[in-house]
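# Structure assessment
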Amino acid sequence: MVKIAQYSDIVMDHFMNPRNVGEIENPDGVGEVGNPVCGDMMTFYIKVDDEDRIEDVKFKTFGCGAAIAVSSMVSEMAVGKTLDEAMSITRDQVAQQLGGLPKNKMHCSNLGADALQKAIEDYRSKKAATKE
Amino acid sequence: MVKIAQYSDIVMDHFMNPRNVGEIENPDGVGEVGNPVCGDMMTFYIKVDDEDRIEDVKFKTFGCGAAIAVSSMVSEMAVGKTLDEAMSITRDQVAQQLGGLPKNKMHCSNLGADALQKAIEDYRSKKAATKE
Amino acid sequence: MPEVYLDHYAATPVLDEVVEAMQPYLSEQFGNPSSLHSRGDAARIAVDEARELVAGLLGAEPDEIIFTSGGTEANNLAVKGIAFAARKKGNHVVVSAVEHFSVLHAARTLEKFGFDVTEVGVDGYGMVDPEEVRAAITTDTVLVSVMAANGEIGTIQPVKEIALIAAEKGVPFHTDAVAAAGYIPLGVNDIGASAVSIASDLLYGPKGAGALWVKKGQRLMPLLDGGVQEGGRRGGTENVPGIVGMGKAAELAARDLEGRAEALRGMSAALIGRLPEAIPRLKVTGHPERRLPWNASFAVEFIEGEGMLLFLDQKGIAVSSGSACTSRALKGSHVLSACDIPAEVAQGSLLFSFGIGNSLEDVDYVLETLPPIVERLRQMSPLYDKFIKQGGG
Amino acid sequence: MPEVYLDHYAATPVLDEVVEAMQPYLSEQFGNPSSLHSRGDAARIAVDEARELVAGLLGAEPDEIIFTSGGTEANNLAVKGIAFAARKKGNHVVVSAVEHFSVLHAARTLEKFGFDVTEVGVDGYGMVDPEEVRAAITTDTVLVSVMAANGEIGTIQPVKEIALIAAEKGVPFHTDAVAAAGYIPLGVNDIGASAVSIASDLLYGPKGAGALWVKKGQRLMPLLDGGVQEGGRRGGTENVPGIVGMGKAAELAARDLEGRAEALRGMSAALIGRLPEAIPRLKVTGHPERRLPWNASFAVEFIEGEGMLLFLDQKGIAVSSGSACTSRALKGSHVLSACDIPAEVAQGSLLFSFGIGNSLEDVDYVLETLPPIVERLRQMSPLYDKFIKQGGG
Ligand SMILES: Cc1ncc(COP(=O)(O)O)c(C=O)c1O
Ligand SMILES: Cc1ncc(COP(=O)(O)O)c(C=O)c1O
């Protein structure tokens, strides 16, 4: 692998072999953040099991290498977690798990946790709506 | 001889082996131009024969290589000339005889002809004074 | 793995002949051109020779050449130097919207000093309309600056026409020829300019050297005050090896201009012709005909440039992109935006800048390598997803 | 013929280790540090390493270092950059009368933009009195700039004291350390400065590279607008080989500072001690104790410097002079004049600047070579003539 100094080996690995890319048919929750005009956009799909655990995560990302790696890492971190646990994943944790992100990419590309949270919120609000 | 591009071979020769350096005891005329504050000062001494011809020239010069070479060249050009001929020696002729002078030295260091003229004028005014 | 360097706009390799010419001035010939002894002499003579060679490339007089530290300094010196020297005459400058930041931001600095700046826009191909320049000039205008050609999209500007208009109005005209010099003929008098900037590092010369040609008589306030180097117009000990290298590079560029241009044009035209067939929803940016021979620029829809760069780098291909993520300032390209290319499309911009070491095989390698990368990234892209679902593709 | 180079203040040779360090960046590693691919990476890493090494020499943080094209640019950036950034606060700057022209003329340019400049004088040794700086500071003062040491006469300035006064008054303090860095210890925090300029080419590094250290938080208007290189404070493609060379030179200068200083001091002290015995009516210029280790400066009465230079050159000795004739501007040295040395004496100034390649034998050679040259020129001098006739000698 040709390495670029600004990206750690883990970032490069997740960028080049992203986990959980794709879509879930009939997802339980969908979260979209970012905006292609700014250069980064992520869509997260989740499937939630009966015990409020994340069973499956898929994502699609438009953005730089960091954005793709972040999405991949978040998806890995989320699978198997309860919704509450997943909600508490922070940007900093993601960056740390990736072996660090370039300073200038911390804000713009590190949106994965936000997208996941949006998907969870989407799931919760749909569920709340169903209950009513 | 180590050559400096700004000076022609003739300039370097006249600088390193200046002709007619010195003083004339009881000169017929003395001319001084320039000013050490500005960096160039020349004193010319002449001896004039009965036919108004310059018999001998000596000079002393404070100044850069060009100033010394100019003095030397003027002294050589002047010897044997009539006063009128010597009066008509111009700065440009001197520079030309030297194989050229650096542009920036044309004005400040090329005072030899002026000093010679002053010496001639000195001689003439003294002579006029004696006649009266 | 093949090494296919297609980022000559970012940096050209330094030609062996150029390195060789520089070598003595890095070691034995270390004199200062201002020194009066023989060691200084050698350095001064070398700088003067380089000045003649650079003047030769531009069809200019040697004493009209001011050596600088690069294209950025040349542009800053031109824009600020001409405007500040004329600030009692007027306080207005005209630039194009697709100038390099070293012109555009220099103009913004002028604004801090009370100048007004008019940015003339471009058409979809990145071309300035000379008539818009005419319309922008006022009685207060003291400078018009429009680049000879834009490196990002390759578009060659109608500088002769603009120079003529500026001349009619009595306004000095500067052109940034950093991307163009050595690739298209650029006689300064032929153009009718007052000042022209060039850089060494786009000419197979060393980094750290550039030059501003300034027409005799054109007033200029120095940017770097200090000694009387460069005729008092740019102080500082001369970067002798850099200048010597630039001189050699200029000599070779002038000698080989046509041959180089033809070879480069062959490669870029091949890529511009064939890449759209290999990748759907790919836009060629810049002008279809009036373009720099070395430039092949595109925008790939639905994906972002950095990912392409990284994957191409894995395959040994070096290119650049005007995407926000790949710019250190994290802003999208002002050039593509001036061409009215939507921001999300501009994110997928790719610039292939060919060099004299490239061949048509490199084009083949790109044509083979890039499409699957684009496909892979598109498969990850939510934008592509939407496009497909909306019946595109 | 021996080759005795004693003009290191004009230019130092580049050390072999430095040339070696630069070499790859002149050829294979030609990438642009801003490029995102691996070739750009290699260049960026090299620049970052050099930044650490330069910071090391100054005891500074790497991200406080701005690479420039040399000492002149660093000084212009400091003086204009700090003053212009503060122009809403005040319009007054204080400099010393013995600054290098890159500070002095930069200050004069500020005058064109409405600033007032106070030039603080020096004593006969070229020393600035810190209390005069205090007295010069007004509520409008936005910058004090006094050099760390003067290269022409070697005098080391009391910069710590001046920095303290500036700090008390809340005014940024810049010091031009171009002549001093690498020869006397210069910790930026130890000094208490806001900005410090250095140059590569007085450190056995390549020409075309310099640096300005700027304390974190100090506001600065860029001189070269353009890209976001150097943290947005200096645009333009980095001169990678030059910067790498400067880094290596700084590393070696920091490592060897004491040893170099001792050796140089030995040589200059020997010449300063012995030359006045060999040449009557010779004045040592600069301070008797507080002087740069490499500097031995004199004024030879009754003759002019260029003639000495030319004759010395014939004997293989390279030196410089502050005489009007040897300056390209044809003006006498403002430094010697500030020290109240009469203009006609200053015309005979001679500067021996020792380097790490010199030895005490070189001093012997000068002592043997120079006196007959002086004698010869004095024999031609009308001033010497007058002096003798008036009973001198
Ligand atoms: C058109 C144009 N002008 C100016 C510059 C600045 O040149 P440099 O980076 O050598 O300072 C560039 C750099 O790529 C450029 O493309
Ligand atoms: C004290 C001082 N400052 C600044 C400079 C300017 O440095 P440069 O010529 O590298 O631009 C010099 C040059 O000798 C100097 O001696």
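Numbering of residues begins from 1 in every chain and follows the order in which that chain's sequence is written. Each chain gets a letter, beginning with A, and each ligand a number, beginning with 1, in the order they are written. Per-residue local features are limited, in this predicted model, to residues with pLDDT of at least 70; the limit for side-chain atom pairs, both in listing and counting, is 80 or more; totals at the level of whole chains, interfaces and linings are taken over all residues. To get the side-chain values, all heavy atoms of the structure are used, and hydrogens and water are removed first.

Helix and strand definitions here come from DSSP, where helices need a minimum of 4 consecutive H or I residues and strands a minimum of 2 consecutive E residues; each element is numbered from the N-terminal end. Helix and strand counts for chain C stand at 13 helices and 12 strands. A compact globule built from 393 residues would reach a C-alpha radius of gyration of about 21 Å, and chain C, at 22 Å, matches this within 12%. For chain C, the C-alpha atoms occupy an extent of roughly 75 × 50 × 35 Å along the three principal directions. Pairs at least 24 residues apart make up 73% of the contacts formed inside chain C by residues separated by at least 6 positions. As defined in this context, the radius of gyration uses C-alpha atoms, and a globule is described by 2.2 Å times the residue total to the power 0.38. Throughout, a contact is declared for two residues whenever any of their heavy atoms are within 4.5 Å.

Take the site of ligand 1 next. Residues are counted as near a molecule or strand when any one of their heavy atoms sits within 4 Å of it. By nearness alone, 13 residues border ligand 1, and C:Y9, C:G71, C:T72, C:D176 and D:T237 come closest of all. Mapping the residues adjacent to ligand 1 onto the chains of the assembly identifies chains C and D. Contact between ligand 1 and C:Y9: an oxygen atom at 2.4 Å from a side-chain N or O atom of the residue. In the environment of ligand 1, a nitrogen atom lies 2.6 Å from a nitrogen or oxygen atom belonging to the side chain of C:D176. When the free accessible area of ligand 1 is taken as 390 Å², the share hidden by the protein chains comes to 93%. Broken down by element, the shell around ligand 1 gets its largest block of residues, three residues, from helix α3 (residues 71–85) of chain C. Only Asp, Glu, Lys and Arg are considered charged in this grouping, and only Ala, Val, Leu, Ile, Met, Phe, Trp, Tyr, Cys and Pro are considered nonpolar; every other residue, Gly among them, is considered polar. The residue inventory of the shell around ligand 1, partitioned by class, reads four nonpolar, seven polar and two charged. The term polar contact refers here to a pair of N or O atoms within 3.5 Å; inside protein, the definition further demands a hydrogen-donor-capable atom paired with an acceptor-capable atom, and it admits residues adjacent in sequence only when both atoms are side-chain atoms. The accessible surface values rely on the Shrake-Rupley method and a 1.4 Å probe; as for residues, cover is taken only from the protein chains in view.

At an RMSD of 0.0 Å, chain C and chain D line up after a rotation of 180 degrees and a shift of 0.0 Å along the axis. Here the transformation between the copies is reduced to the relation of a two-fold axis. In terms of proximity to the rotation axis, the leading residue of chain C is C:S69, whose C-alpha is 3.0 Å off the axis. In this assembly the copies share their binding face: 98% of the residues contributing to the interface of chain C also contribute to that of chain D. Least-squares fitting of one copy onto the other uses the C-alpha atoms of those residues that reach a pLDDT of at least 70 in both copies.

Let's shift gears to the sheet that holds strand β3 (residues 54–62) of chain A. All names here are of chain A. A pair of strands is considered paired only if DSSP assigns at least 2 bridges between the two. Read from one edge to the other, the open sheet built from three strands follows the order β1-β2-β3, with strand pairing classed as antiparallel. Here the strands that pair on one side only, and so sit at the sheet edges, are β1 (29–35) and β3. Taken pair by pair, the neighbouring strands of this sheet meet at an average axis angle of 10 degrees, ignoring direction. Where β1 meets strand β2 (residues 40–48), seven bridges bridge the pair, whose relative direction is antiparallel. Directly across from G29, in β2, lies its bridge partner I46. Set on the sheet, helix α5 (residues 112–131) makes contact with β1, β2 and β3; between it and β1 the angle comes to about 140 degrees. Where helices are involved, their axes are fitted lines through C-alpha atoms of the stretch in contact, as for all axes, and angles between N-to-C directions lie from 0 to 180°.

Attention now goes to the interface of chain C and chain D. Counting residues at the interface gives 64 residues for chain C and 63 residues for chain D. Two parts placed together each lose some accessible area under a 1.4 Å probe, and adding up what both lose gives the buried area. Summed over both partners, the interface of chain C with chain D buries about 5200 Å², with 59% contributed by carbon and sulfur atoms. A carboxyl oxygen of Asp or Glu within 4 Å of a side-chain nitrogen of Lys or Arg is what we treat as a salt bridge. Where chain C touches chain D, the interface holds four salt bridges. Salt-bridge contacts for D:D225 lead to C:K80; the nearest nitrogen and oxygen are separated by 2.8 Å. The tally of links between chain C and chain D comes to 27 residue pairs in polar contact (both at pLDDT 80 or more).

Residue and element names in this part refer to chain C. A helix is expected to span 1.5 Å multiplied by its residue count minus one. The terminal C-alpha atoms of helix α4 (residues 101–112) lie 16 Å apart, and with 12 residues this matches the ideal 16 Å at 1.5 Å per residue to within 8%. Think of it in three bands: residues with accessible area under 20% of the maximum for their type are buried, residues over 50% are exposed, and the middle band is partly exposed, with areas taken using a 1.4 Å probe on protein chains only. Of all the positions in α4, only S102, V103, L104, A106, A107, T109 and L110 are classed as buried. Structurally, α4 contributes buried residues whose contacts are with α3, β3 (92–96), β4 (116–120), β5 (141–145), β6 (173–176) and α10 (334–338). Backbone geometry just downstream of α4 places G114 in the positive-phi region, at approximately 90 degrees.

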